[in-house]
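# A look at the structure
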Amino acid sequence: MLVWNERPRNVLLLVKKSREIMSTMLEAATYLTQVEQLNVVVEQFVQNEALANGMFLESFSNADNLHREIDLVVCLGGDGLILHASTLFKTAVPPLISFNLGSLGFLTPFDFANFADEMQYVLEGSCLMSLRMRLNGRITRGKGNKSMKDREFQVLNEVVIDRGSSPYLSNLDCFCDEKYITTVQADGIIMSTPTGSTAYSMSAGGSMVHPSVPAILFTPICPHSLSFRPIVFPDAATLRVDVNVESRSHAWASFDGKFRQLLKIGDGLVVQMSLYPIPTINKTDHTGDWFGSLDRAFHFNNRPYQKPLEEKSGEESEAEVPEENAVTDI
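Let me sum up the structure you'll find in this document.

### Observations regarding the sheet that holds strand E16 (residues 251–255)
Strand order in this open sheet of six strands is E14-E13-E12-E9-E16-E17, and the pairing throughout is antiparallel. Both outer strands of the open sheet, strand E14 (231–234) and strand E17 (258–263), are each paired with one neighbouring strand and no more. Ignoring strand direction, the axes of neighbouring strands in this sheet form an average angle of 20°.

Shown next, in the form of structure tokens:
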């Protein structure tokens, strides 16, 4: 549950890059500054749009200190905007409320039509939140590839290693807590959070996992094997995937679909739970929001109900239903 020690003062207003949403952004910014008396911080392109409409909003050039300056994040867009918000905060993340102005909106349960009421509800505190686990992905370079720097990323959905444009299968050695598991021969591998379980991992045949379950999903992409099934590891596991030294080609790594990095033969990628989850504000609670999104976005288990058997006349029904414990002559 979200309980403020003091009323929020600085709000980061993130907006989807769309001309159609800019009027909505101005409406939201006007309410936050004039009615709620909050200091609104935006990205540079939003600041330019606001200035063109006679409104000044503070911006930032470096996101490294945002976690110290921002009390609340307000997102106007879709799921991709929440992934973008994750990239802005390398460490602690402020509470985040998201209004659905995108296409799918699986992670955006709030309707902008009720913006003022929802913001009052959040600013008063005592609202429910979900702590959405993130993953830390760290690239390690092989002995012959030291000219390339190690990189580290925080991801909300998934880390993916794939073969890219290579015509050959990926040949990836997989380890859990430094113990060898298997060598993956496939188009690639997905290591996902429970939040990401309804994204790329689901499309590749992985399970859907409730966001409050502490786990790391390990889902192969088109494995060239009849027996390789998706695996769910505990959140405390440390996974490592190395490009096999006998691999025919290199591989590529991406982090929430961005920051694509080349993995040469001998390079590896270490994935483990991040120390910094994302606290997202719930409209109802984490279970209600999750199943509501499954129903709204994916029409989960939606089919016409089976019709009941047609009722027959009393005499026919009694003749067809045998008496309980009746003895039948053979």
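### What to know about the sheet that holds strand E8 (residues 152–155)
Within a sheet, neighbouring strands are paired by backbone hydrogen bonds and run either parallel or antiparallel to one another. If you walk across this open sheet you meet the six strands as E8-E7-E18-E15-E10-E11, and the pairing is antiparallel. Every other strand in the sheet has two partners, leaving E8 and strand E11 (179–186) as the edge strands with one partner each. Adjacent strand axes in the sheet meet at a mean angle of 20°, parallel and antiparallel pairs treated alike. Bridge analysis of strand E7 (residues 135–140) against strand E18 (residues 268–273) gives six bridges, and the strand direction is antiparallel. Each bridged residue has a counterpart across the sheet, and for glycine 137 the counterpart in E18 is valine 271.

### Quick word on the pattern of salt bridges
Within this structure, the stated rule accounts for nine salt bridges. Between aspartate 162 and arginine 260 there is a salt bridge whose closest N-O contact spans 2.7 Å. Placement of the pair is aspartate 162 in strand E9 (residues 158–162) and arginine 260 in strand E17, with a sequence separation of 98 residues. Under the relative-accessibility criterion, aspartate 162 is labelled buried at 14%. Assessed through its relative accessible area of 41%, arginine 260 is described here as partly exposed. Where arginine 240 meets glutamate 178, a salt bridge forms, and the shortest distance between an N and an O atom there is 2.7 Å. Remark: glutamate 178 occurs in the loop between strand E10 (170–176) and E11 and arginine 240 occurs in strand E15 (residues 239–243); sequence separation between them is 62 residues. Via salt bridges that share partners, Glu178, Arg240 and Asp242 belong to a single interconnected network.

About the thresholds
Residues numbered from 1 in each chain as written. Predicted model: local features only at pLDDT ≥ 70, side-chain atom pairs only at ≥ 80, totals over all residues. Heavy atoms only, no water. Pairing = 2+ DSSP bridges. Helix = DSSP H or I, 4+ residues; strand = E, 2+ residues; numbered from the N terminus. Axes fitted to C-alpha atoms, helices over the stretch in contact; angles between N-to-C directions. Salt bridge = Lys/Arg side-chain N within 4 Å of Asp/Glu carboxyl O. Buried < 20%, exposed > 50% of the residue type's maximum accessible area, 1.4 Å probe, protein only.

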